[in-house]
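Chain and residue survey
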Amino acid sequence: MSDTAPDRLSNDPRSKFHDAAALERGIGIRFNGNERTDVEEYCVSEGWVLVPAGKALDRRGRPMTIKLKGTVEARFLT
């Protein structure tokens with residue numbers, strides 16, 4: 001397995017960008033210089049992250065998310 005984190009990764013198993021092996025290793029996300037632990041999905045090349053919007057849920061019971069744009073750095077924790 002490579003030492004670089006994927007360019008795009010999602011926590012949602014229904015997404016085509018979901019990678020269980022990468023998530024098991026642990027991913028650290030630094031967004032605009034701050035460490036984020038609540039990221040649902042990210043894309044390094046496009047420079048955005050999806051994070052939950054408070055405690056709001058959609059009609060299917062999944063958290064509502066907002067897209068934040070900025071500098072994204074991803075790395076493996078282990």
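Here's a quick rundown of the structure. Keep in mind it's a predicted model, so treat the numbers as computed, not measured. (Residues numbered from 1 in each chain as written. Predicted model: local features only at pLDDT ≥ 70, side-chain atom pairs only at ≥ 80, totals over all residues. Heavy atoms only, no water.)

With respect to the sheet that holds strand 3 (residues 34-36)
Formally: Any two strands with at least two DSSP-identified bridges between them are counted as paired. Secondary structure elements are defined from DSSP: runs of H or I of at least 4 residues count as helices, runs of E of at least 2 residues count as strands, and each element is numbered from the N terminus. Only the stretch in contact is used when fitting a helix axis, every axis being a line fitted to C-alpha atoms; angles between N-to-C directions are given from 0 to 180 degrees.
Spatial ordering of the open sheet is given by 3-2-7, a layout of 3 strands whose pairing is antiparallel. Sheet topology places strand 3 and strand 7 (72-76) at the edges, where each strand pairs with a single neighbour. Along the sheet, successive strands turn relative to each other by an average axial angle of 30°, direction set aside. As paired elements, strand 2 (residues 27-31) and strand 3 share 3 bridges and run antiparallel to each other.

Details of the nonpolar core
Filter applied, for reference: We define the nonpolar core as a collection of buried residues of types Ala, Val, Leu, Ile, Met, Phe, Trp, Tyr and Cys that are connected through side-chain atoms lying within 4.5 Å of one another. Categorising residues by exposure relies on relative accessible area from a 1.4 Å probe, with only protein chains included: less than 20% of the type maximum marks a residue as buried, more than 50% marks it as exposed, and the intermediate range marks it as partly exposed. In what follows, a contact means two residues having at least one pair of non-hydrogen atoms within 4.5 Å.
Ala5, Leu9, Ala22, Ile29, Phe31, Val39, Tyr42, Val49, Val51, Val72 and Phe76 together form the largest nonpolar core, which totals 11 residues. Residue assignment for this core shows that the elements contributing at least two residues are strand 2, strand 5 (48-57) and strand 7. Setting aside anything within four residues of it in sequence, one finds Phe76 in contact with Ser2, Asp3, Thr4, Ala5, Pro6, Ala22, Arg25, Gly26 and Ile27.

Here we look at the layout of surface pockets
Our working rule: For each structure, a 1 Å grid was placed over the protein atoms alone; sets of points admitting a 1.4 Å probe that cannot get out are labelled cavities, open sets with protein on both sides within 12 Å along at least five of seven lines are labelled pockets, and lining residues have an atom within 4 Å of a point. Grid points are joined across faces, edges and corners, and a volume is the space filled by probe spheres set on the points. The classification used treats Ala, Val, Leu, Ile, Met, Phe, Trp, Tyr, Cys and Pro as nonpolar, Asp, Glu, Lys and Arg as charged, and all other residues, Gly among them, as polar.
Of the voids in this model, the largest pocket is the one considered here, and its volume is about 250 Å³. Lining the largest pocket are 13 residues; nearest its centre among them are Asp12, Glu40, Arg62, Pro63 and Thr65. In terms of residue count, strand 6 (residues 63-69) provides more of the lining of the largest pocket than any other element does, 3 residues in total. Among the residues making up the lining of the largest pocket, the classes are represented as 3 nonpolar, 4 polar and 6 charged. The computed volume of the second largest pocket comes to approximately 200 Å³. What lines the second largest pocket is a set of 17 residues, among which Asn11, Leu23, Ile27, Ile29 and Val39 lie closest to the centre. Going through the elements one at a time, strand 1 (8-10), strand 2, strand 3 and strand 4 (41-43) are the ones with two or more residues in the lining of the second largest pocket. For the lining of the second largest pocket, the element with the most residues is strand 2, which contributes 3 residues. Residues belonging to the lining of the second largest pocket are distributed by class as follows: 7 nonpolar, 5 polar and 5 charged.

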